[in-house]
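Inside the fold
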Amino acid sequence: MTSPPDFPPLRTERLILRVLRAEDATALHRLVNDWEVAKNLARVRYPYELARAEEWVRSTWAQIAAGEAWHLAIVGEEDGSEGPVERLVGCVALTLDSDRKQAELGYWVGRKFWGHGVATEAAAALCRWALETLGLTGIHASALKDNARSAAVLQRVGLQPAGEAMQTFISRGGPMPVRLFRAGREALLAPPPEAPRVEKPILLVAAVALVDADGRVLLARRPEGKPLAGLWEFPGGKVKPGESPEAALIRELKEELDIDVSESCLAPFTFASHGYEAFHLMMPLYLCRKWGGTIRPVEGQALAWVRPQQMGGYAMPPADKPLVAMLLDFL
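A short tour of the structure in this document, coming up.

Thresholds, definitions, all that
- Residues numbered from 1 in each chain as written.
- Predicted model: local features only at pLDDT ≥ 70, side-chain atom pairs only at ≥ 80, totals over all residues.
- Heavy atoms only, no water.
- Helix = DSSP H or I, 4+ residues; strand = E, 2+ residues; numbered from the N terminus.
- Expected span 1.5 Å × (residues − 1).
- Buried < 20%, exposed > 50% of the residue type's maximum accessible area, 1.4 Å probe, protein only.
- Pairing = 2+ DSSP bridges.
- Core = buried A, V, L, I, M, F, W, Y, C linked by side-chain atoms within 4.5 Å.
- Contact = heavy atoms within 4.5 Å.
- Arc of directions from axis to C-beta.

With 17 residues, helix α4 (residues 118–134) should cover 24 Å at 1.5 Å per step; its first-to-last C-alpha distance of 24 Å lies within 8% of that length. Trailing α4 by a residue or two, G135 shows a phi angle of about 70°, which is positive.

This is how it looks when you write it as structure tokens:
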């Protein structure tokens with residue numbers, strides 16, 4: 001095929017799963033041509049050439065058109081100057097068995113996006129689509145025995161251990177031991193069991209809305225390599241043991257933005273309370289209109305001065321979102 005087939009994109013809370021496009025080849029090559037990624041993929045050569053990526057993208061179109069396999073791009077959206085901008089973060093696929101009743105699940109995610117639940121979210125969405133649309137009776141997958149991260153993803157999706165085998169890995173030049181995973185239709189479509197209630201530790205984080213003379217608020221973008229990377233938040237940080245929230249903010253603002261703030265200029269405003277998977281966040285938010293020095297991104301983070309009415313257009317961590325409405329009413 002010379003052009004992508006029609007396939008309505010699948011959307012999750014954070015992601016878009018869509019047909020690969022010719023222009024995705026460059027980003028795909030950059031992400032896969034990484035030994036830490038390629039070594040876990042059975043059908044990928046390493047080094048991985050750009051021409052091979054371009055050829056593979058075109059081959060996926062024919063497979064979708066024939067109803068044999070669905071290799072989809074995992075895409076996230078970022079805010080750009082002219083609207084949302086797509087960013088390729090990986091791929092997820094289902095390939096029908098010869099009996100067309102079951103399918104093999106596969107996926108990969110670029111290394112910089114590991115640890116954010118992308119693979120689980122994408123794989124679960126594609127599996128549910130296939131079970132509901134194609135009427136499959138089950139789904140299976142495999143993971144290298146030394147790839148505990150992938151095994152955990154498959155089990156979170158709903159697949160269960162089903163033995164071990166040897167599988168040829170082109171990237172590693174021969175057969176490698178793998179763990180097999182499998183689940184039937186009923187198990188995959190069943191709602192997940194309610195997790196036992198576990199008391200989470202409370203994490204105290206102090207944040208501040210720095211407001212300039214024009215009434216704009218400063219937002220900082222979380223850098224790559226940190227949890228919730230790419231999201232915009234109010235400056236601040238963790239409160240150390242024995243430290244007051246005000247002292248923590250004074251320290252963090254100096255370390256992150258190279259500005260000097262006195263405690264008398266920090267006005268308590270409101271707070272956020274949000275339960276994350278591993279902890280419960282308590283975050284007092286302060287207002288500050290006066291500081292010493294010139295704001296600069298000491299840690300290389302992106303900064304943006306945003307009017308309160310425009311903050312809703314910035315992707316923010318769940319704990320920060322309720323604070324936007326409070327600021328909008330006040331400023």
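The subject of this paragraph is the pairing of strand β14 (residues 280–288). Here β14 lies mainly inside the structure; 7 of its 9 residues are buried. Both strand β9 (residues 202–210) and β14 contribute to a ladder of 7 bridges, which runs parallel. Counterpart to A209 in the pairing with β14 is L287. Summarising the sheet, strand β13 (residues 267–275) and β14 pair through 8 bridges and their orientation is antiparallel. Residue pairing in the sheet places T270 in a bridge with L285 of β14. In this structure, the hairpin formed by β13 and β14 is closed by a connection of 4 residues.

Core analysis: the largest hydrophobic core is formed by 59 residues, its most contacted members being L28, I74, V92, L105 and I139. Per-element tally for this core: the top contributor is α4, with 9 residues. Setting aside its immediate chain neighbours within four residues, I139 contacts L94, Q102, A103, L105, C127, L131, L159, F181, R182, A183 and L188. V211, L219, W232 and L287 belong to the second-largest nonpolar core, a separate cluster that totals 22 residues.

Attention shifts here to helix α8 (residues 321–330). Where α8 is concerned, the buried positions are L323, V324 and L327. All buried residues of α8 fall inside an arc of 110° around its axis, so they share one side. Turned more than 90 degrees off the buried face of α8, the exposed positions are K321, P322 and D329. The inward-facing, buried residues of α8 contact β9, β13 and β14.

This next bit is on the pairing of strand β2 (residues 15–19). Within β2, 5 of the 5 residues are buried, which leaves it mostly tucked inside the rest of the structure. Where strand β1 (residues 10–11) folds back on β2, the antiparallel hairpin that results is connected by 3 residues.

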